[in-house]
Amino acid sequence: MKKITLFVLLLVFNTSYLLAQKVLEYTVNLNDRADDLFKVELKVKGLTKENKIYQFASTAPGTYQVMDMGRFVRKFEALDAKGKQITAKQISTNQWEIANPEKVATIRYHIAETFDTPVTENKIYEMCGSSLEKDHALINGQTVFGYPQGMQSAPLKIKFLYPQEWIYGTALEMKDGFFLANNYDHIVDSPILFGSLSKASTKIRSTQVELYTYSKTAKITSEKLLASMTNMLVAADAFLNGLPVPRYTFLFFFEDRNAGAWEHSYSSEYIIKEQDWSEDFGKKMTDIAAHEFFHIVTPLNIHSEIIEKFNFVTPTPSEHLWLYEGTTEWASHKMQICYSIKTLDEYFKDLRRKVIVDERFYDKTYSLSKISLTSYTPEGQKQYGNIYNRGALVAGLLDIRLLELSQGKRGLRDVINEFAKEYGPSKSFPEKEWFDIFVKRTYPEIADFFNRYVKNAEPLPLKEYYDKIGIIFDEKEKTFSLNPQATTEQIRLRERWLRNN
Ligand SMILES: [Zn+2]
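All figures in this text were calculated on a predicted structure; none of them were measured in a lab.

Conventions used here
- Residues numbered from 1 in each chain as written.
- Predicted model: local features only at pLDDT ≥ 70, side-chain atom pairs only at ≥ 80, totals over all residues.
- Heavy atoms only, no water.
- Domains from an automatic or database assignment.
- Contact = heavy atoms within 4.5 Å.
- Buried area = accessible area lost by both parts, 1.4 Å probe.
- Polar contact = N/O pair within 3.5 Å; in protein donor to acceptor, adjacent residues only side chain to side chain.
- Axes fitted to C-alpha atoms, helices over the stretch in contact; angles between N-to-C directions.
- Helix = DSSP H or I, 4+ residues; strand = E, 2+ residues; numbered from the N terminus.
- Parallel < 35°, antiparallel > 145°, perpendicular 65-115°, else oblique.
- Nonpolar A, V, L, I, M, F, W, Y, C, P; charged D, E, K, R; others polar.
- Core = buried A, V, L, I, M, F, W, Y, C linked by side-chain atoms within 4.5 Å.
- Buried < 20%, exposed > 50% of the residue type's maximum accessible area, 1.4 Å probe, protein only.
- UniProt positions renumbered as here; feature names shortened; annotations may be inferred.
- Donors = N, O, S within 2.8 Å, 3.2 Å for Na, K, Ca; no water.
- Salt bridge = Lys/Arg side-chain N within 4 Å of Asp/Glu carboxyl O.
- Expected span 1.5 Å × (residues − 1).
- Bend = angle between axes of the 7 residues up to and from the residue.
- Pairing = 2+ DSSP bridges.
- Phe/Tyr/Trp six-rings, centres within 6.5 Å; stacked < 30°, edge-to-face > 60°.
- Lys NZ or Arg CZ within 6 Å of the ring centre and 35° of its normal.

**Points about the domain arrangement of the protein chain**
Per the domain assignment, the segments making up the protein chain are domain 1 (7-124 + 136-190) and domain 2 (317-501). Using only C-alpha atoms to locate each centre, domain 1 and domain 2 end up separated by 39 Å. Contacts between the two partners involve 4 residues from domain 1, matched on the other side by 7 residues from domain 2. Buried area between domain 1 and domain 2, both sides added, is near 550 Å², and the carbon and sulfur share of it is 61%. Applying the counting criterion to the domain 1 and domain 2 interface returns 1 residue pair in polar contact (both at pLDDT 80 or more).

Right, here's the structure in full:
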């Protein structure tokens, strides 16, 4: 889930930034990459007793895992204007308390990269982690930066010292040699990749799309990735009636690990094992990229208050992963058949895979709500991956049910686009009332749907629902196929479904 930044704020950023009294000015020295440690220095003035705790992140939006970044901190110190040490002691995993905050001019610490630092539990997903090597640096905001408590909303300006031959990719704006972030949430939402990267860019209607790729032995380039992704980007634009961001940045990282991808408001990053380029690999990357890219709809434009005011101190779950992850995963595949990037057969195979994974690898009695609410526990982490399987299947069923109830006029895509317009990046929905709001906006029958398949884990009515649109689900083989004897009514609804109404 993610914290959102207003476009409007971005546009007026320079003025508000000058007016702001307290700015957190960071320097990170990437020229010194010894011991797998980021060397970080913060210049700050005017701290008060309220800011005496320096906080590292316990988790980050959209990761649904405990990160406890304090575990990676080494050698934390606070200094006054003359360079004299001020007592600072660690009081909990992620917190350091400074004795005389009023006197602090500099805070310095080293923080270990997560890729190569062993931990005994809660291993951080690589796409949410950090790496520092000879030919690259990967930085996710929460893996390098913290903030004095009470200053989560203070602007940050960050200077990176880095080798001349490196280039960087990020969604952040740069001014006078500083990367600018509106606040702590913004830096966490804006990963930065440095190193020997390839770059490619394109324009999709009015949205500037940029790709930066680190490939360990240069097998994969941004140009190849962009070529295979372009149709998907054009389809996404059509599916959403225009992309809701002015600029979007893809950061690709191909090395020795297959970890996955992490979405942000204006960017996403991918940690995938490097391999020889093939068309098939390009398709796989496009699937993953479509998913991450779709997160600009939800949670960016539709999210609960828990995402809006993100709590970095104590992980706080939201119940609506069925929406943020399930609907996103569904949309990323569905739009590919609506715009003929994938064949219906390929789509049926995706569905089949999800049905099988849901049945064989996860606890079928574990509801989507429960996956959401327990995601920060070890028990919940075991079931978390099913949000991409059952979560997407449930979104697909919801789409069919909505089309049925509206006589083919309004599917899930239409409802989602309506909500995105009504809410948007800066207006959150009330966490507890969201199911009711959704039902009120659609049909009373949807309350029963949520109750059975989101809040509870009743067996999914795949056969019954897909039959409504003339598609046969074979319960034994778990296959989907067109019904050659479909009625006119079924075919009519299927056409709507295929064109995504
Ligand atoms: Zn996702």
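**Some details on the packing of helix 5 (residues 222-239) against helix 8 (residues 321-338)**
Running from N to C, helix 5 and helix 8 cross one another at 105°; their axes reach a closest spacing of 10 Å. One element, helix 5, and the other, helix 8, form an angle in the roughly perpendicular class. Residues Met-232, Ala-235, Ala-236 and Phe-239 of helix 5 pack against Trp-330, Ala-331 and Met-335 of helix 8. Looking at the contact of helix 5 with helix 8, its residues break down into 7 nonpolar, no polar and no charged.

**Side note on the nonpolar core**
Counting 92 residues, the largest nonpolar core has Phe-250, Trp-322, Phe-438, Phe-450, Tyr-466 and Trp-497 as its most contacted members. Ranked by the residues each element gives to this core, the list is headed by helix 12 (residues 390-405), at 10 residues.

**As for the UniProt feature "domain: Peptidase M61 N-terminal" (unreviewed entry) in the protein chain**
The positions that UniProt labels "domain: Peptidase M61 N-terminal" (unreviewed entry) are, in the present scheme, residues 25-195. Split by type, residues 25-195 is 5% helix and 41% strand. Its first and last C-alpha atoms lie 23 Å apart.

**Some details on the coordination of the zinc ion**
Bound to the zinc ion are the protein donor atoms His-291 (NE2), His-295 (NE2) and Glu-325 (OE), situated 2.0 to 2.1 Å from the metal. Between consecutive donor residues of the zinc ion, the sequence gaps follow H-x3-H-x29-E. For His-291, a relative accessible area of 5% corresponds to the buried category. Overall, the relative accessible area of 0% leaves His-295 in the buried class.

**Some remarks on the side chain of Glu-210**
Structurally, Glu-210 is set in strand 18 (residues 207-215). At 3.1 Å, the side chain of Glu-210 forms a polar contact with the side chain of Tyr-212. Filtering out sequence-adjacent residues up to four positions away, Glu-210 remains in contact with Ala-200, Ser-201, Arg-247, Tyr-248, Thr-249 and Phe-250.

**Considerations on the pattern of salt bridges**
Across all of its chains, the model carries 33 salt bridges by this definition. Glu-102 is the partner of Lys-49 in a salt bridge, and the nearest nitrogen-oxygen pair spans 3.2 Å. On the criterion of sequence distance, the pair formed by Lys-49 in the loop between strand 2 (37-43) and strand 3 (53-55) and Glu-102 in the loop between strand 7 (95-98) and strand 8 (106-112) is long-range, its members being 53 residues apart. The partner of Lys-468 in a salt bridge is Glu-464, and the shortest N-O contact between them spans 3.9 Å. In this pair, Lys-468 and Glu-464 are both assigned in helix 16 (residues 462-468), 4 residues apart and thus about one turn of the helix distant.

**Considerations on helix 5**
Here helix 5 is 18 residues long and its end C-alpha atoms lie 24 Å apart, about the 26 Å a rise of 1.5 Å per residue gives. Most pronounced at Met-229, the bend in helix 5 amounts to some 45°. Every buried residue of helix 5 is accounted for by Ser-222, Leu-225, Leu-226, Met-229, Met-232, Leu-233, Ala-235, Ala-236, Asp-237 and Phe-239. Looking at the buried residues of helix 5, the elements they touch are strand 17 (198-204), strand 18, strand 19 (247-255), helix 6 (279-294), helix 8 and helix 13 (412-422). Count one or two residues on from helix 5 and you reach Asn-241, which has phi positive near 55°.

**Considering helix 13**
Counting buried positions along helix 13 gives 8 out of 11 residues, so the element sits mostly inside the fold. When helix 13 is considered as a whole, its buried residues turn out to be Leu-412, Arg-413, Asp-414, Val-415, Ile-416, Asn-417, Phe-419 and Ala-420. Buried residues along helix 13 sit in contact with helix 5, helix 8, helix 12 and helix 14 (434-441). Two residues or fewer after helix 13 comes Gly-424, characterised by a positive phi angle close to 85°.

**A word on the UniProt feature "domain: Peptidase M61 catalytic" (unreviewed entry) in the protein chain**
Mapped onto this structure's residue numbering, the UniProt feature "domain: Peptidase M61 catalytic" (unreviewed entry) falls at residues 286-394. Helix makes up 61% of residues 286-394 and strand 0%, with an end-to-end C-alpha separation of 22 Å.

**Topic: the sheet that holds strand 7**
A sheet is described by the order of its strands in space; here 4 strands give the open sequence 6-7-3-11, paired in antiparallel fashion. The open sheet has two free edges, formed respectively by strand 6 (88-92) and strand 11 (147-148), since each of these has just one partner strand. Where strand 3 and strand 11 come together, 2 bridges link them in antiparallel fashion. Looking at the pairing, Tyr-54 lines up with Pro-148 of strand 11.

**Points about the sheet that holds strand 14 (residues 173-175)**
Spatially, 5-4-8-2-1-12-15-14 is the arrangement adopted by the 8 strands of the open sheet, whose pairing is mixed. What marks the edges here is a single partner per strand, and that holds for strand 5 (85-86) and strand 14. Inspection of the sheet shows strand 4 (residues 73-79) paired to strand 5 by 2 bridges, in the antiparallel sense. Residue Ala-78 lies in a different strand from strand 5, and its bridge partner there is Ile-86.

**Comments concerning the side chain of Ser-190**
Locating Ser-190 in the fold gives a position in the loop between helix 4 (184-188) and strand 16 (192-195). The contacts of Ser-190, once residues within four sequence positions are left out, are Thr-170, Leu-172 and His-264.

**Section: the packing of aromatic side chains**
Under the definition given, this model contains 55 aromatic pairs. For the pair Phe-56 and Tyr-109, a centre-to-centre distance of 5.1 Å together with 85° between the ring planes defines the contact as edge-to-face. Highlighted residues: Phe-56 in the loop between strand 3 and strand 4 and Tyr-109 in strand 8, separated in sequence by 53 residues. For the pair Phe-56 and Tyr-109, one class covers both residues: buried. An angle of 55° between the planes, with centres 5.0 Å apart, marks the rings of Trp-322 and Phe-450 as tilted. Here Trp-322 is found in helix 8, whereas its partner Phe-450 is found in helix 15 (residues 445-455), with 128 residues between them in sequence. When sorted by exposure, Trp-322 lands in the same class as Phe-450, which is buried. Here the aromatic residues Trp-322, Phe-419, Tyr-423, Phe-429, Trp-434, Phe-435, Phe-438, Phe-449, Phe-450, Tyr-453 and Tyr-465 are joined through ring pairs into a cluster of three or more. The side chain of Arg-413 reaches across the aromatic face of Phe-239, ending 5.4 Å from its centre.

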